[in-house]
Amino acid sequence: MAAERIDGKAFAEKLRERVGAQAAEFEAVAGRKAGLAVVLVGEDPASQVYVRSKHKATLAAHMESFEHRLPADTSQADLLALVEKLNTDNAVDGILVQLPLPDHVDEQAVIAAISPDKDVDGFHVTNAGRLAVGQSGFVPCTPLGCMMLLTDRLGDLSGMEAVVIGRSNIVGKPMAQLLLDANATVTIAHSRTRDLPGVVRRADIVVAAVGRAEIVKGDWLKPNATVIDVGINRLAPVEGEAKGRLVGDVDFAGAEGVAAAITPVPGGVGPMTIAVLLRNTLVAAYRNAGMDPPENSL
Ligand code: GUN
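Residues numbered from 1 in each chain as written. Predicted model: local features only at pLDDT ≥ 70, side-chain atom pairs only at ≥ 80, totals over all residues. Heavy atoms only, no water.

1. Overview of the pairing of strand S2 (residues 35-41)
Just so we agree on the cut-off: A simple rule labels every residue: compare its accessible area, found with a 1.4 Å probe on the protein chains alone, to the largest value its type can have, and call it buried under 20%, exposed over 50%, or partly exposed in between. By the criteria applied, helices consist of DSSP H or I runs no shorter than four residues and strands consist of E runs no shorter than two, each listed in order from the N terminus. A pair of strands is labelled paired if DSSP reports no fewer than 2 bridges between them. The definition of a right-handed crossover adopted here requires that, viewed with the strands pointing away, the path from the first strand over the helix to the second runs clockwise.
Of all the seven residues making up S2, seven are buried; the element is thus mostly covered by neighbouring parts of the structure. As judged from the seven bridges shared by S2 and strand S3 (residues 64-70), these two strands associate in the parallel manner. Looking at S3, one finds that Ala-37 is bridged to Phe-66. Between the parallel elements S2 and S3, the chain passes through helix H2 (residues 45-60) in a crossover that is right-handed. Looking at chain direction, S2 and strand S4 (residues 94-97) are connected through four bridges and run parallel. Looking across to S4, one finds that Val-38 is bridged to Leu-96.

Structure below.
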């Protein structure tokens with residue numbers, strides 16, 4: 001039987017609607033809209049697409065969107081000065097500096113300059129530390145979105161075997177922390193893992209976040225596993241195609257016959273990231289205004 005497709009697009013739309021309604025309530029009680037500032041340095045085409053969709057989604061969710069587009073040769077000092085200005089701007093609840101930054105800018109220094117209370121990406125060491133020790137802070141959007149899809153489908157994850165493939169600060173590490181907090185038994189696999197197929201075969205839950213097209217094969221999976229595919233890779237175009245197809249880190253056709261459920265690419269994890277970003281921004285707005293965020297936004 002073919003695996004059920006986990007519809008991240010539909011889930012994200014519902015989340016965005018709910019956050020939009022809560023953002024309208026926030027405006028009614030706070031007397032101002034929640035605000036998200038997005039900083040883009042340079043002209044990376046993929047980043048431009050992301051920033052444009054964040055802007056549209058923010059406005060649609062009843063929030064204020066502040067876009068700062070800076071030339072590729074912007075100095076680190078100027079970028080840090082802008083971040084500092086946003087840190088002290090009361091109309092700004094969340095700050096997102098789009099990555100990657102140009103090579104001459106120290107990414108870690110810029111992330112470190114963002115106020116942890118406005119760090120809706122959850123990349124600041126303070127928020128990474130809070131997640132590691134189980135304090136409330138901001139959790140990176142993509143892994144939090146994956147977690148929402150997993151708990152929606154599986155309920156209680158206690159005792160389940162989870163394998164996260166990839167150890168990035170943005171996805172792999174926080175994903176492992178979240179699964180651990182949910183009482184799963186967690187393995188983090190990566191490019192140096194010996195016998196990756198053998199490790200993956202143990203997993204009730206597989207989260208693939210390596211950024212290599214279709215590396216995880218169907219016959220690596222335990223029957224009835226739940227598969228979350230974070231990868232977005234563009235294949236080289238074949239004849240008749242203007243652009244190559246977008247595929248995940250999992251060989252979808254092979255996995256579909258083995259897994260119980262799997263996120264498609266596109267339309268799985270991707271749409272969740274912006275929806276969770278809006279959710280994090282709303283939570284930041286409530287906290288920055290000295291109020292508790294609504295219960296069901298957490
Ligand atoms: N670049 C790719 N994904 C992200 C993200 O989630 N946040 C930021 N700031 N940059 C990114």
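So that's the structure; there's more coming.
2. Some words on the environment of Leu-99
Heads up, the rule is: Contact definition: two residues touch when any of their heavy atoms are within 4.5 Å.
Along the chain, Leu-99 turns up in the loop between S4 and helix H4 (107-113). Through-space distance from the C-alpha of Leu-99 to that of Leu-40 is 8.0 Å; in sequence the pair is 59 residues apart. With residues near it in sequence (within four places) discarded, Leu-99 still touches Ser-47, Glu-107, Ile-111, Phe-123 and Ile-170.

3. Quick notes on the site of the ligand
Condition: Here a residue counts as near a molecule or strand whenever at least one of its heavy atoms sits within 4 Å of it. For the purposes of these results, a polar contact is taken to be a pair of N or O atoms within 3.5 Å, where, inside protein, one atom must be able to donate a hydrogen and its partner to accept one; residues adjacent in sequence count only when each atom of the pair is a side-chain atom. Only the protein chains shown count as covering a residue, and every accessible area follows the Shrake-Rupley method with a 1.4 Å probe.
With respect to spatial proximity, the complete set of residues near the ligand consists of Leu-96, Val-97, Gln-98, Leu-99, Asp-121 and Phe-123. Gln-98 places a polar side-chain atom, nitrogen or oxygen, 3.1 Å from a nitrogen atom of the ligand. In this structure, Asp-121 approaches the ligand through a side-chain N or O atom, which is 2.6 Å from a nitrogen atom. With the chains in place, 78% of the 280 Å² that the ligand exposes on its own is no longer accessible.

4. A closer look at the sheet that holds strand S6 (residues 185-189)
Put simply, the test is: Only the contacting stretch of a helix is used when fitting its axis, a line to C-alpha atoms as for every element, and angles between N-to-C directions run 0 to 180 degrees.
Strand order in this open sheet of six strands is S1-S11-S8-S7-S5-S6, and the pairing throughout is parallel. The open sheet terminates on both sides in strands that have one partner only, identified here as strand S1 (4-5) and S6. Relative to strand S11 (residues 261-262), strand S8 (residues 226-229) runs parallel, the two sharing two bridges. Each residue of the ladder has a partner; that of Val-227, found in S11, is Ile-262. Helix H7 (residues 172-181) contacts strand S5 (161-165), S6 and strand S7 (205-208) of the sheet and is inclined by roughly 170° relative to S5.

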